[in-house]
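Read off the chains here:
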Amino acid sequence: MPDSETPNDKPRWQGERAYRASGRRSYMQRLRARVLSLFVAYLPSWRLRLLLYRLIGINITGQGNYIGRECYLDTEYPELITLEPGSKLSPRVIIFCHSSNSDLLRPVRLGADSWVGAGAIIGPGVTVGAGAIVGAGAVVLANVPPGAIVIGSPARVVGKVQAQAPRNSPTA
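Here we summarise the structure given alongside this text.

Each value, and the rule that gives it
The written sequence of each chain sets the order in which its residues are numbered from 1. Per-residue local features of the predicted model are confined to residues with pLDDT of at least 70, and side-chain atom pairs are confined, for both listing and counting, to 80 or more; whole-chain, interface and lining totals are unaffected and use all residues. Hydrogens and waters are ignored; side-chain quantities use all the structure's heavy atoms. Pairing between two strands is assigned when DSSP locates at least 2 bridges connecting them. For helices the rule is a DSSP run of H or I covering at least 4 residues; for strands it is a run of E covering at least 2, with both sets numbered from the N terminus onward.

## Remarks on the sheet that holds strand E7 (residues 108-110)
Piece 1. Spatially, E1-E4-E7-E10 is the arrangement adopted by the 4 strands of the open sheet, whose pairing is parallel. Two strands close off the open sheet at either side, each with one partner strand: strand E1 (59-60) and strand E10 (127-128).
Piece 2. By the bridge criterion, 3 bridges tie strand E4 (residues 81-83) to E7 in an arrangement that is parallel. When the sheet's bridge partners are listed, Thr82 is paired in E7 with Arg109.

## Points about unusual backbone geometry
Piece 1. Backbone torsion omega between Ser153 and Pro154 reads 0 degrees, so that peptide bond is classified as cis.
Piece 2. Along the chain, the position of Pro154 falls in the loop between strand E13 (148-151) and strand E14 (156-160).
Piece 3. At Arg92, a residue that is not glycine, the phi angle is positive and equals roughly 65 degrees.
Piece 4. One can find Arg92 in the loop between strand E5 (88-89) and strand E6 (94-95).
Piece 5. With a phi angle near 60 degrees, Asp113 is a residue other than glycine that sits in the positive phi range.

## Some words on the pairing of E14
Piece 1. Two elements, E13 and E14, share 4 bridges in a ladder whose sense is antiparallel. Along E14, the bridge assignment pairs Ile149 with Gly159.
Piece 2. In textbook terms, the turn of a hairpin is the stretch between consecutive antiparallel strands, and for E13 and E14 this stretch comprises 4 residues, one of which, Gly152, has a positive phi near 95 degrees.

Limitation: the analysis is restricted to geometry and does not speak to function.
Rendered as structure tokens:
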């Protein structure tokens, strides 16, 4: 078994203090993220928001991503947030990778074609599966399976996403 894995195949993450001490991000990278984060959430164009979040250091891959206004994405550790192709964040979504009152530090991943409703909160170490839907105002502290619909505080699975026919194809 590799050193980086525990017996249950979960990666062993170092704490916040150790991660910061490792020097993965330079002082200038942290400063740039702080300055850009002051106004990126209020830009009127979602395309500009995506561009600036990429400059801050958030891993936004592929096409079809959307980040709504007034979203807070953890700018202390932006490299730990990954948005896969087609991920959509409604306004005022909060995603954080660390807890300031403990040594907790974990990556967050939003799967392809996932959707997060307005005002939802996604905590450290959460993976939202491909095609999953997080309801408005949900507090997600555990992984969301692919294609699941979760709501509530704490979030719980209430259903599965129904497969839809493509819009341009005729239905039988």
